[in-house]
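Examining the three-dimensional arrangement
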2 protein chains.
Amino acid sequence: MSYRIGVDLGGTNMAAGMLDASYQIVKFATIKTRQGGTPEEIADDMAALVWNLAEDAGITKEEIELIGIGVPGSVTEEGVVEDANNINFYDVPFGAMMRERTGITIHMVNDARAAALGEYVAGAGKGSETFQMLTIGTGVGGALIVDGKVIAGCNGAAGEIGHMVIKQNGAKCNCGRRGCLEAYASAGALKEKMQRAVLEERKKWPRRKESVLWELCGHRVEYLNGKTLFKALEQEDELAQELFDEYIEYLAEGIANIINALQPEVFCIGGGMSEQKEKLLAPLRTSVMDKIYTKHSRIQTRIVAAELGNNAGIIGAAYK
Amino acid sequence: MSYRIGVDLGGTNMAAGMLDASYQIVKFATIKTRQGGTPEEIADDMAALVWNLAEDAGITKEEIELIGIGVPGSVTEEGVVEDANNINFYDVPFGAMMRERTGITIHMVNDARAAALGEYVAGAGKGSETFQMLTIGTGVGGALIVDGKVIAGCNGAAGEIGHMVIKQNGAKCNCGRRGCLEAYASAGALKEKMQRAVLEERKKWPRRKESVLWELCGHRVEYLNGKTLFKALEQEDELAQELFDEYIEYLAEGIANIINALQPEVFCIGGGMSEQKEKLLAPLRTSVMDKIYTKHSRIQTRIVAAELGNNAGIIGAAYK
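Here the structure is a predicted model, which means the values were calculated and not measured.

Quick look at the pairing of strand β3 (residues 25-32) of chain B now. Two strands pair when backbone bridges link them, and strand β2 (residues 13-19) of chain B and β3(B) are joined in this way by 7 bridges, in the antiparallel orientation. When the sheet's bridge partners are listed, Met14(B) is paired in β3(B) with Ile31(B).

As structure tokens, this is what we get:
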């Protein structure tokens with residue numbers, strides 16, 4: 001048998017998985033990322049993590065074909081981490097360093113792409129040819145995979161579907177433009193909009209008791225987020241429904257744009273919001289279907305939720 | 001030597017080119033498309049065109065490796081034309097019919113994709129890996145090519161970048177949505193906007209003589225188009241400059257969206273407007289550069305004009 005190890009190197013933890021030939025995690029291990037550690041120290045820690053994992057799994061070095069490492073930043077094909085500010089790596093030849101420490105072939109990849117590749121090879125996109133990932137977090141990120149390869153573009157920077165303007169001269173976005181999808185559909189944008197709406201409602205009706213969102217956040221709007229919204233929807237709150245409908249409308253606009261341009265076989269939504277599964281996806285599909293050019297096509301893009309959570313990054317790092 | 005023949009089957013003409021191994025047209029021939037002709041008649045005509053072309057070029061049947069045919073509609077991989085309404089082909093196995101008549105391998109492709117492939121292999125995109133085409137005509141069409149293959153999507157319908165909403169709830173588009181790029185950046189949309197603007201100006205200042213666009217169209221707004229706009233710009237007309245600036249702003253918004261998502265090596269603008277070359281491209285590049293996420297990247301997408309005109313469709317049909 002031949003195995004691969006996938007490692008997700010984050011600012012807080014590094015998590016590793018021993019993968020069998022079908023990209024299933026047969027053994028898992030995680031340690032804290034040494035805070036303020038030098039690249040050398042972090043490479044030492046990672047090598048130790050890898051050997052411990054192999055030992056626990058009862059797998060010899062010779063059985064390990066490849067170690068894939070996902071890093072939170074940009075990576076060259078040669079395995080140099082160009083810029084990963086939350087682990088303080090700048091132009092670090094981390095691939096070569098790990099190769100030296102382990103004697104095993106090293107494959108380095110950006111962590112967002114690793115997560116997309118993981119879902120593609122072993123999760124929501126399994127078996128598909130063209131696969132679009134859209135991850136809703138503080139921002140809105142994405143990756144397009146065609147025939148097993150992430151479309152990296154001429155400068156390795158492709159995938160920024162959050163920075164697609166859907167409303168010219170609209171809300172200000174962190175990228176400097178106005179009206180980007182991210183400015184409407186990120187978890188951060190939703191949170192802000194909820195806060196404003198709840199505070200406004202309080203101003204208008206200070207004595208109204210039935211403000212569900214206000215109660216749910218314990219009268220502290222900074223605790224409002226996607227989860228609170230879904231809880232309020234369960235209680236059939238009108239304001240929550242309004243906010244949700246508007247959110248779906250924005251998100252669907254962006255998704256429909258991408259489907260019209262690329263018609264991926266699978267369109268996968270990741271990030272915290274996607275844990276709501278059909279509560280998010282069912283209304284989203286209806287809205288996207290209403291917008292796309294190909295509503296009458298026999299074959300349609302499947303809009304699905306990510307399945308692997310944090311494991312996606314481990315699995316995808318080892319996919320090549 | 002081995003040759004290929006590319007044929008562009010249009011509603012009015014069918015044009016064929018004999019291509020050498022580097023996709024240069026060494027001999028060209030064209031005939032009228034028989035109006036109201038059956039698929040059999042059109043196949044007979046095309047076979048005759050092909051043999052005449054070979055004879056004129058002094059090339060024997062054995063030297064012809066492949067005949068590629070571009071058709072204005074959707075085509076299956078097996079060479080069945082599913083739906084091409086301006087030649088009245090519905091579920092016609094045209095590939096098989098041509099194979100029967102010629103004994104040569106036939107390759108069928110949608111004509112818009114053939115045009116993109118032509119520019120990719122022998123025109124503005126020569127040597128690039130990822131290539132995005134955007135064609136400005138009555139509508140706005142497109143095709144993405146990655147490593148020599150058009151991204152067709154799960155249902156063969158990818159490439160509709162004109163139907164990307166850039167202004168939510170904006171101008172009505174033919175596809176049913178509001179605010180699509182096509183509703184702002186197509187030649188048709190520009191024409192309409194010019195007509196409205198000139199008529200409004202006439203209403204406001206009926207005696208003003210210096211309305212450059214009004215003079216250029218011979219006082220008939222139906223003659224206004226992209227060419228008139230560029231002529232008026234040469235005369236430093238203010239209204240024309242306003243209309244042009246607005247047009248560039250819309251087009252750049254769409255292009256920046258695609259660059260952020262895909263970072264193609266080459267972004268090629270085709271269609272009548274692209275004949276203006278740098279007069280269109282220089283201001284467009286400035287506006288796109290201002291909008292993209294990667295303005296500080298060392299490597300940038302090259303924004304260029306199509307080079308091959310109608311020959312692109314002939315060349316690209318034979319590319320495989």
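Let us look at the interface of chain A and chain B. Interface size is commonly expressed as the accessible area that is lost once the parts come together. Across the boundary between the two partners, chain A contributes 41 residues, which contact 42 residues of chain B. For chain A, the biggest contributors to the area lost against chain B are Cys154(A), Gln168(A) and Arg177(A); these three give 21% of the whole. Linking chain A with chain B are 4 salt bridges, by the criterion used here. Taken together, the connections running from chain A to chain B amount to 25 residue pairs in polar contact (both at pLDDT 80 or more). Elements with a minimum of two residues in the side of chain A that touches chain B: β10 (140-146) and α8 (238-262) of chain A. Class assignment of the residues belonging to the side of chain A that touches chain B gives a composition of 19 nonpolar, 12 polar and 10 charged.

The next subject is the pairing of strand β4 (residues 64-71) of chain A. Residues and elements named next belong to chain A. For β4, a buried count of 7 out of 8 residues is recorded, marking the element as mostly surrounded by other parts of the structure. Where strand β1 (residues 3-9) meets β4, 6 bridges bridge the pair, whose relative direction is parallel. Bridging across to β4, glycine 6 finds its partner in glycine 68. Pairing analysis gives 5 bridges linking β4 to strand β8 (residues 106-110), with the strands arranged parallel. Counted as the bridge partner of valine 71 is asparagine 110 from β8.

Residue and element names in this part refer to chain A. Turning to helix α7 (residues 226-234), its buried residues are Gly226, Thr228, Leu229, Phe230, Ala232 and Leu233. Where the residues of α7 are buried, they touch α5 (187-204), α6 (212-216), α8 and α9 (278-291). Its side-chain oxygen 2.9 Å from the backbone nitrogen of lysine 227, asparagine 225 forms the N-cap of α7. One or two positions beyond α7, positive phi appears at glutamate 236, with a value near 55°.

Calculation notes
Residues numbered from 1 in each chain as written. Chains lettered and ligands numbered in written order. Predicted model: local features only at pLDDT ≥ 70, side-chain atom pairs only at ≥ 80, totals over all residues. Heavy atoms only, no water. Pairing = 2+ DSSP bridges. Helix = DSSP H or I, 4+ residues; strand = E, 2+ residues; numbered from the N terminus. Contact = heavy atoms within 4.5 Å. Buried area = accessible area lost by both parts, 1.4 Å probe. Salt bridge = Lys/Arg side-chain N within 4 Å of Asp/Glu carboxyl O. Polar contact = N/O pair within 3.5 Å; in protein donor to acceptor, adjacent residues only side chain to side chain. Nonpolar A, V, L, I, M, F, W, Y, C, P; charged D, E, K, R; others polar. Buried < 20%, exposed > 50% of the residue type's maximum accessible area, 1.4 Å probe, protein only.

Everything listed here is a matter of coordinates, which is why it stays silent on function.
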